[in-house]
Each structure stands twice: as C-alpha cells, then as structure tokens.
Amino acid sequence: MSAMMPGQEPEMVDTDGEELADAKAKREEYAAVRKWMEKINQSRRFDCDVYSQMAVDRAYARGESSFAVNVNLTGGAVDMMTAFLYAKDPDVACSPAAVVMEPKMPAPVMPDSVKMLTAPAPEPTGKPMKEGETMPPAGPMALPPEAQQMAMQDAQMYSQEMAQYGQIQAQKRAERDQRKRFCESLEIVISKSWVQGRMKRQAMRWVRAALTTGIGWLKIQWNERTQKDAVTLKRVADLQSNLAQLKVTRAAIEDGTGPELDALYQQFTEELMGLMGQAEVLVSRGLIIDLVNSEDMTFPVGLTDIMEYTDSPWIDQRIFMSKDEAQVMFPDLPMEKLKSATTFSQRRPAAPEMGQSPEVVAGGMNLMPSLNPSQFVSGSTGLLDGLVTQPGTGDFVCIHETWDRDAGVIRTMIEGVECYAKPPYAPDIATTRFYGFFGLAFTEADNTRYPQSLCWRSHRLVDEFNSARTAWKNIRQRALQGVLFDGTKLDAETATRLQGTAVGEWTMVKLINPEMPIGSAFMPKPYSPIDPAVYDTSPILRDFERIWGLQEALQGSVQVEKTATEAEIQQQGLGQTSAYKRDILEGVLTDIANYTAEIVLQRLDGEDVKVIAGPAALWPEQFKADDLATMVDVKIWAGTTGKPNTTAERQSWGAIMPMVQNMIGLIGQYRGAGPSSMADSFENLLAITLDRAGDTVDVASLVPQEADGGEMPAPGQDQMGQPAPNSAPQPGQPGSPDGGLPTQGAM
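Residues numbered from 1 in each chain as written. Predicted model: local features only at pLDDT ≥ 70, side-chain atom pairs only at ≥ 80, totals over all residues. Heavy atoms only, no water.

Q: Please provide a residue-by-residue account of the environment of Gly642, values included.
A: When you line up the elements, Gly642 lands in the loop between strand S14 (632–636) and helix H19 (646–670). Remark: the alpha-carbon pair of Gly642 and Asp89, spanning 553 residues in sequence, is separated by 8.8 Å. Contacts of Gly642, omitting those with residues within four sequence positions, involve Phe84, Leu85, Ala87, Lys88 and Arg582. (Helix = DSSP H or I, 4+ residues; strand = E, 2+ residues; numbered from the N terminus. Contact = heavy atoms within 4.5 Å.)

Q: How would you summarise a nonpolar patch on the surface if you had to cite specific residues and measurements?
A: On the surface, Ile656, Met659, Met663, Leu666, Ile667 and Tyr670 cluster together into a nonpolar patch covering about 620 Å² of accessible area. Along the chain, the position of Tyr670 falls in helix H19. A relative accessible area of 67% places Tyr670 in the exposed class. (Patch = residues over 30% accessible without salt bridge, like charges linked within 9 Å, V, L, I, M, F, W, Y side chains within 5 Å. Areas by Shrake-Rupley, 256 points an atom, 1.4 Å probe, with all protein chains shown as cover. Salt bridge = Lys/Arg side-chain N within 4 Å of Asp/Glu carboxyl O. Buried < 20%, exposed > 50% of the residue type's maximum accessible area, 1.4 Å probe, protein only.)

Q: An account of the packing of helix H3 (residues 73–85) against helix H6 (residues 199–213) is requested, with residue identities and associated values reported.
A: Two numbers describe how H3 lies on H6: the axes approach to 9 Å, and their chain directions differ by 135°. The angle between H3 and H6 falls in the class oblique. Judged by the twist between their axes, the crossing of H3 over H6 is right-handed. The segment H3 lies against H6, with Val78, Asp79, Met81, Thr82 and Leu85 engaging Met204, Val207, Arg208, Leu211 and Thr212. Residue classes in the contact of H3 with H6 are distributed as six nonpolar, two polar and two charged. (Axes fitted to C-alpha atoms, helices over the stretch in contact; angles between N-to-C directions. Parallel < 35°, antiparallel > 145°, perpendicular 65-115°, else oblique. Left-handed = near helix turned anticlockwise from the far one by under 90°. Nonpolar A, V, L, I, M, F, W, Y, C, P; charged D, E, K, R; others polar.)

Q: Give me the nonpolar core: which residues, what numbers.
A: Formed by 82 residues in total, the largest nonpolar core has its most connected members in Leu186, Trp206, Trp548 and Val634. Among the elements that take part in this core, helix H16 (residues 564–603) stands out by supplying 10 residues, more than any other. In contact with Val634, other than residues within four places in its own chain, are Val92, Ala93, Cys94, Leu186, Ile190, Thr590, Ala593, Asn594, Ala597 and Leu628. Core analysis: the next-biggest nonpolar cluster, separate from the first, contains 14 residues, Ile319, Ala326, Ile399 and Ile414 among them. (Core = buried A, V, L, I, M, F, W, Y, C linked by side-chain atoms within 4.5 Å.)

Q: Quick rundown of the packing of helix H5 (residues 145–196) against helix H17 (residues 606–613)? Include the residues and the values.
A: Interhelical geometry of H5 versus H17 gives an angle of 75° and a closest axis separation of 10 Å. On the basis of the axis angle, H5 is roughly perpendicular to H17. Note on element contacts: H17 touches H5 through Val609, Ile612 and Ala613, opposite Ser185, Ile188, Val189 and Lys192. Split into classes, the residues belonging to the contact of H5 with H17 amount to five nonpolar, one polar and one charged.

Q: I'd like to hear about unusual backbone geometry, residue by residue, with values.
A: Although it is not a glycine, Arg198 adopts a positive phi angle of roughly 55°. Residue position: Arg198 is located in the loop between H5 and H6. On the accessibility criterion, Arg198 (51% relative accessible area) is exposed. One non-glycine residue with positive phi stands out, namely Asn447, at about 55°. Considering the arrangement of structural elements, one finds Asn447 in the loop between strand S11 (437–440) and helix H12 (454–478). Take Asn447: its relative accessible area is 71%, and that puts it in the exposed class.

In structure tokens form, the structure reads like this:
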C-alpha cells in the first residue's frame, strides 16, 4: 500500500454502496428463485394425473388388489422382461470414425532395364553345345556398357522409390495401429467406468422402471468433489465428505444448537477417529450412476413429447435428503435459511386398504395421501401424521436441481428456502447433449406427452384374470359335498346331531322305524354343475402375453405339448416381438457410451488410462467434446445386454468358422506373416470359438507357447527349415516388396 502524500485526502470506502449492491443482488436472487419454483410447480400441477397413474402402475406391479385370488401377472412379466433385456453390461465397440480414404498409392513399377539386371541366367536346354558356342550372357553383362550405366541409374532410382513407398506404407500401418490402440483403450475405459459406477444394478432398475411406469431415468455424472459437482443420490465415502461432516458436527457443538451435546461430542470423537484411520481414499473420482424416480422429473409446459427431452429448454429433478445431509452438501447455505425449508416425511411401506381395487384408488387419486407416487410427503398436513408416515421423521427436505440449457447453467434450490442452495454454475465437463439424464421408454404413443406403460395397457386383463380366478374359487367353495336326510324318519335328537357334525366324524343314527333301511333316509346333496370353459383364462393369458411380448416357452407354463420345431418357432417369435425393445434399449445405451466417452476423454490423462487399460494404452492429450465424432465411432454391440442364445450362435459360428480359418491362412501367406503372427491369429480364433460355445476355459492354458531361447523358422519355411509350399515371395526374390533387386555385391 502506497504512503499518503501531504495534503492528500484519505481514501473513503463506500460501505453504503456495497450494502446497497448486496441487497439488490439478494433481491434479484430471491426473485429468480421464486420464478423458477413457480415454473416447476406449474409443470408439476400440469402433469399431476401422470404422476397419479404412476402410483397405480406400481400398485399393479406389486400385485396389490382387492380380489380374493390375486395372481401378480404384471410383477412376473416385469421381472421376466427385465432379465431378458438386461442380463449384463453391454460390450462397447469403438472403431475409427469413417472418413473418405485417399486413393491407394500404387507400388513403383520396375523398369525393363532393371529387370534385365535381375534376370536369371537361362536354363540349360540339354542339347550339346557346338564348337565355339557359349552361353548367352545374363544380368548386367547382357547389356551394352552404355545401357548398363543407364540401367544401374534406373535401379538406384527404383530402389529409392521402393524405399519411399515402404516408408509411406509403414507410416499408414503405424497410424492404423495407433487408431486401433486408441479404440481398444477407450473401450476398456468405458467398460471399467461402468463397472465402477455399478451400471448393471442401476440399469436393471432403469429397465424395470420403464416397463412399470412407462419411462425410466438414469442420471450419469462425473464425480470430482468440487463445488460444480451435480447433486447425486449416491453417497461417496471419501476423506473430503467425512471432513465436511466433521465440520458440521463441530459447528453444532460450538454453537450449542444441538439437542444433546453429549451425543454430539461422542459423534465428533467417532468421526475424528475414522479420519485418523484414513480408511477412505482422499478424493473419489469416477462415474456416478443414479436411478431417478419417474415422478421426480419435471419438464416445462409446452414440451409435447417427453422423449424429446434433449431439446427441452430446462429439466428439473427432485432429490430428497435429510437436513443433516443437506447441511453437509451445501456448507455455504446459512443454517437459518435451511431451517425455513419445507419438511417432508418418508411414507411407511403399506399396501392399499383391502376392499379397494387399484381402479377405485385411482379414482380418488387426488384425495388420498397414500396415492402419492413419491415415498416422501409433506409434513405440513395433520392428516398425514400417523396415517402414512411415522411421527417424528419429518426431517427431510426437497432439493430441486434445474438444468437450464438456454443459460447453460445448473440451478440448485430447496423448497421453502428463498435463496439458491449454491450459486448457479456451468458444468465443468462440456458435452454435446448438456443434460446428464437418459430416458428409456418402450411404448410410446403418437402425439402423446408421456409414453404409455405396459402395466396400463394390460391392467384390465389382469383384473379380468383375477376376477375369473376369484369366481372359480367361489364356485368351488359353494360346491361342497353334502348329504341330505329325511328328518321325519329320524328322531329329533339324531337330526340335531347330524346338522352339527364335522367332516370325517362318526355319528350314531337312530331311526324311528328300526326295520327301515338306513339308506332310505339319506341321499347325496346335489349342487350346481361347474362348467370349466366359463372360467377358462387361456384367452386372457394369450392377450396378456401379446401385449408384453412374452411366450409360453419363456414363461415355462406349457399347456400343450410341443415338438422341438414348434418350440423353436415360438422362441423365434419371442425374439421378433421383443426385438424392438432391445433396439430401443441399445440406442439409449449407445448415447450413454458416447456421453461416457466425452467425459473420460476430458477427465483422464494418459497416466490414468495406463493404470486402467495397461501400459500400451494410447490416449489423446487435448480433447473437446466435438472431437469425438471425428475421431471414433462409439457403439454398442447388438444383442450383448441379454442372455446369449448359445445354440443359434454355435450353429452360425460353425458355418462360417472354416471360411474364416482359410482366409486367415491366405491373408497371412500373401502378407508374408511369420509363424508367431499366424499363431496369434489362430489363438484368437480359438478364443472366439470357445466364447461362442459358452465355455470359460482359459485359452492360454491350452495353447502351446514359444520355447525359451528357441529360434523361429524364417518366413517361407516350415518348422523343419524346409521351403514351405505356396509360400509368399521373400525379400531378394522377384515379386517381393523390395522388387528383388540384386545386392550391391551382386552388381
């Protein structure tokens, strides 16, 4: 700070101006929060019937019904289709981006003069030579001296051209090898990132949500533990999160705001001991994959098709967490602001009241608190206390994370809080789609805002099936076997005793006329005949299977014996009816793979990738999201998410494997590949064959390896060192890459 000169007035700080500016900024912030919360509430009121239908769909998936006989067809179909569509994480396929290739450079043509230099001596004809006759000259001696000099110059130029041609071809091969290594590295990084983020667990829940409510949502983000990380449902245990929790506990002790200081001291001690142990990593990095409940996603009014969400101006996600967790996640939010947040309670798990079918429940959707599709309900209504919630558990808050695509920022707000939970921020990782949400819907309808659910499409069939089974049960209960007796032929005591007898009980009968046959006083009780065709549910099941794309062979409920051919035709029908679901799933998974590639290419460096994919991994140093499409094509191998059809794959592979084997030999022969390279190709062929057969045998344990210190036979020779039949031309021979030029010594 410079010294003040004599006569200079001291510099005055305009504190009033700063306070006015801060007050103005707060007013603008409060107004923005109110505007966004009104937008969100307006959209949620607009879609309230859709959220109500989600609650009904989940009730059917849980098998909740008022029928006496309740067969959970919907839940069984959801489980079956989930296992069929997503049995494992898909295989990622990365290939160099398609570009227009340069015309293939032709190899230099050997001049005729050079051919004379390399021409072999003529073979003897076998005829005796005449006196004075000599063998015609060969090689350079066959040319005049002037022509020999010109031929030697042509040979030198041809040799230089061949060397340049070889360098260009080697450079192209090196570039192809680099692109291949990069693609392999990217495949491994994407696959391992999914495994680290527990992709399979979340994806199976994602598919189940799409089958149940019509649409499922995944949220994928990269975790770096910075202020610009999006809010995630998963809690990552690392040192930084534990330090934040410890800071909150310590502040509560110092302020004396905690209800029980002794308990806070004990908690502080335990957290401090955990930090001293350093059981967690310092900072957790990697993909965070969350399943977002369908009713927690909000879209603006005016979006006519939810599945076009990538074009939506904004998307909002609701996230429920306890106040303690919110205080840790938003340390800059004043505690007095957080105290004003609207509190929520978690609903107790309870089935709908017996005597009310899901359709009746749906009719009162807006009146009954139990029909709220969310597990969290506002604790401001006294009606809820003790009815659907547990008293004393209303310590949850609702966080709204709004992704504003138009402004390119993410806004974080809490219901009931007048300011932002943290300042709006732009995502650190730039992606081509901006949104980190991925929607999955199998049954879209034309000109409809939300997709239909399979539960809704089949709910009347489920009700009809349960109604038929309940009626069948009732008629069987009424058709009890009984015996009629003539009371006039029995004394009063015997008649009273017979009316109260149990099944299988011996009862003494006293006839009025002992000489009368006992059979004349009794006869079997007739009952209404039962027609099984009236209660046949086969047509209902067929319609249900047609809607869901299921088959008897998949369900295992074969009612009529089928031949192997009929079963195979039915299985093919299953593949056709379910193929469109797999196509939709694989399309969204391809989008996820590209999104993951854009993230890891910006967040991981070469050293990180070498740890993940091995020391031979190749990774670009500088990358932008727009560069992915020009560098590599990222896709999903079709059919790799479901359980493999090993029978069909074995038959298909058995038909093409001989052709592949022959082509490997021919290509290796013409390229002059060495035995080691050919052995690697056949080893890979064996590995593919065993994989198609569904075997997990280690190929390396079966294939013989090279002997230590052993010499490999030269190209063009077999294992005994003899010339191999039909071998490719070798260097120094006509037709070889070096043109078969003679060595300097030969000239």
